[in-house]
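Spelled out, the chains give:
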Amino acid sequence: LETARAEFDEVSAEIDSFRSDNQLSSDSVSEAASQIQVARNSIQERLADSTAELSTLKSRRDSLLIIDLEQLELLKALPEIATNPAIQSLDSELRATRLRYHKAQLHSTEAFPAVKLLKSELEDADRRHREAVVSGFNGLLFQLSSTISSEQAKVDSYQANLDGLEAELLRLASLSTELDRMVVSYTTARAGFEMAQRRLSVAQTTGIALPEVRVSLSGSASPPKEPSLPPPLWLIILLAIVLGLFFAITVVFVAGYLDRTLDTPGEAERELGLPVLATIQNERGSKRKRRRK
């Protein structure tokens, strides 16, 4: 018993030290690998989503960079510019000033002081409106660039995590053989220790000195195979009745489905497309009916 306990303690310390040095939480590498696989699949999905989002943002930015800043109407057509409250307010002010300027021109020349003032106001409103549109466009580009940088950082982070998980899987694969050997040694030592405890308990109870037996376990045990018995007679009869009924119904159904006989004048008219002028009664069938009656 003391020898078995010493061997068991030695193997236990060895496997605990191995798990601690290699940061393993269980005796099975496959469990740790399964957890890493789940985490890797999740990161791969997020990486794919971030990569698609990054590609969309870059495409959007590239399409905006080719726009000329002098094309004011094209800039105003952008959804981010068109829905800007400040630009909408300036646009309304510009239209109102332009309308007043055109009305004033109908009654006075540009040399008239009131018309000159309106022209100055129109130019100022047009300048502020243009500056607001260009500023909004530049802000949109800056926002896109910031979002692209943030999304790129997320993609890089996901890729780094994915590379780390791949490296961890490779490390676990290299540790699998050594850990399996230690687990087998641990199981063997534990079984020997438990056997020695039972033998000592029996010896203490009965007072019989038993010879020393060394226990060595290898491989895996298979459960005994129970002899297969034939099914009972009542089950065979029941199955025969059920199968007979099933086959009989199937044969009747198939025979009725395959029967193409025209039994009524209506069926003949539907199949041939011609009207029925007369029918001939089956004499044999009539005689049989009379006999039955």
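Note that the coordinates shown come from a computational prediction; the quantities given were computed from them, not determined experimentally.

1. Focus: the overall build of the protein chain
Part 1: Looking only at helices and strands, the protein chain has nine helices and zero strands in total.
Part 2: Burial analysis of the protein chain (293 residues in total) assigns 22% to the buried set.
Part 3: Of all intrachain contacts in the protein chain linking residues separated by at least 6 positions in sequence, the fraction that spans at least 24 positions is 73%.
Part 4: Accessible surface, the protein chain: about 21800 Å² in total, of which carbon and sulfur atoms supply 58%.

2. Some words on the pattern of salt bridges
Part 1: All chains considered together, the criterion is met by 11 salt bridges.
Part 2: A salt bridge links Arg-100 to Glu-121; its shortest N-O distance comes to 3.5 Å. Here Arg-100, found in helix H5 (residues 85–107), pairs with Glu-121, found in helix H6 (residues 113–206); they are 21 residues apart in sequence, far enough to count as distant.
Part 3: Of the residues examined, Glu-121 reaches a relative accessible area of 32% and is grouped as partly exposed.
Part 4: Between Asp-124 and Arg-127 there is a salt bridge, and its shortest N-O distance comes to 2.4 Å. Taken together, the residues span about one helical turn, with Asp-124 and Arg-127 both in helix H6 at a distance of three residues.
Part 5: A residue is classified by how much of its surface remains accessible, and Arg-127, at 40% relative accessible area, is partly exposed.
Part 6: Beyond isolated ion pairs, a larger network of salt bridges with shared partners links Glu-93, Asp-124, Arg-127, Arg-128 and Glu-131.

3. Examining the side chain of Glu-151
Part 1: Assignment of secondary structure puts Glu-151 in helix H6.
Part 2: Assessed through its relative accessible area of 10%, Glu-151 is described here as buried.

4. Points about the packing of aromatic side chains
We describe a pair of aromatic rings using the distance from one ring centre to the other and the angle between the two ring planes.
Part 1: Evaluated as defined, the whole model comprises two aromatic pairs.
Part 2: With a centroid separation of 5.7 Å and 5° between ring planes, the pair formed by Phe-8 and Phe-193 is classed as stacked. Note that Phe-8 is positioned in helix H1 (residues 2–21) and Phe-193 in helix H6, a separation of 185 residues in sequence. When sorted by exposure, Phe-8 lands in the same class as Phe-193, which is buried.

5. Examining a nonpolar patch on the surface
Part 1: Judged by side-chain polarity, Leu-233, Ile-236, Ile-237, Ile-241, Leu-245 and Ile-249 come together as a nonpolar surface patch covering roughly 620 Å² of accessible area.
Part 2: Tracing the backbone shows Leu-245 in helix H7 (residues 233–258).

6. Description of H5
Part 1: When the terminal C-alpha atoms of H5 are compared, their 34 Å separation across 23 residues agrees well with the 33 Å that a helix rising 1.5 Å per residue should span.
Part 2: Among the residues of H5, Ile-87, Leu-90, Asp-91, Leu-94, Thr-97, Tyr-101 and Ala-104 are the ones counted as buried.
Part 3: Of the residues that open H5, the one with a side-chain oxygen 3.0 Å from the backbone nitrogen of Ala-86 is Asn-84.

7. A look at the nonpolar core
Part 1: One finds Leu-64, Ile-67, Leu-78, Ile-81, Val-133 and Phe-137 to be the most contacted residues of the largest nonpolar core, which totals 27 residues.
Part 2: Broken down by secondary-structure element, the contributors of at least two residues to this core are helix H2 (29–65), helix H3 (72–76), H5 and H6.
Part 3: Top element by residues in this core is H6. It accounts for 13 residues.
Part 4: If near-sequence neighbours (up to four positions away) are discounted, Ile-67 is found in contact with Leu-74, Leu-75, Leu-78 and Phe-137.

8. Structural notes on the environment of Val-276
Part 1: With respect to the secondary-structure elements, Val-276 resides in the loop between helix H8 (265–272) and helix H9 (283–292).
Part 2: Residue class for Val-276 comes out partly exposed when judged on its relative accessible area of 31%.
Part 3: Expressed as a C-alpha distance, the spacing of Val-276 and Pro-265, which sit 11 residues apart in the sequence, is 6.3 Å.
Part 4: Setting aside residues up to four positions removed in sequence, Val-276 forms contacts with Pro-265, Ala-268 and Glu-269.

9. Here we look at the environment of Gln-37
Part 1: Along the chain, Gln-37 falls in helix H2.
Part 2: Sequence separation between Gln-37 and Glu-166 is 129 residues, and the spatial gap between their C-alpha atoms is 9.1 Å.

10. Side note on the confidence of the model for the protein chain
Part 1: Chain-level statistics for the protein chain give a pLDDT mean of 79 and a share of 84% at 70 or above.
Part 2: Of all helices and strands in the protein chain, the one with the weakest mean pLDDT is H9 (58), whereas H7 scores best (88).

Rules used throughout
- Residues numbered from 1 in each chain as written.
- Predicted model: local features only at pLDDT ≥ 70, side-chain atom pairs only at ≥ 80, totals over all residues.
- Heavy atoms only, no water.
- Helix = DSSP H or I, 4+ residues; strand = E, 2+ residues; numbered from the N terminus.
- Buried < 20%, exposed > 50% of the residue type's maximum accessible area, 1.4 Å probe, protein only.
- Contact = heavy atoms within 4.5 Å.
- Areas by Shrake-Rupley, 256 points an atom, 1.4 Å probe, with all protein chains shown as cover.
- Salt bridge = Lys/Arg side-chain N within 4 Å of Asp/Glu carboxyl O.
- Phe/Tyr/Trp six-rings, centres within 6.5 Å; stacked < 30°, edge-to-face > 60°.
- Patch = residues over 30% accessible without salt bridge, like charges linked within 9 Å, V, L, I, M, F, W, Y side chains within 5 Å.
- Expected span 1.5 Å × (residues − 1).
- Polar contact = N/O pair within 3.5 Å; in protein donor to acceptor, adjacent residues only side chain to side chain.
- Core = buried A, V, L, I, M, F, W, Y, C linked by side-chain atoms within 4.5 Å.
- pLDDT = per-residue confidence, 0-100.

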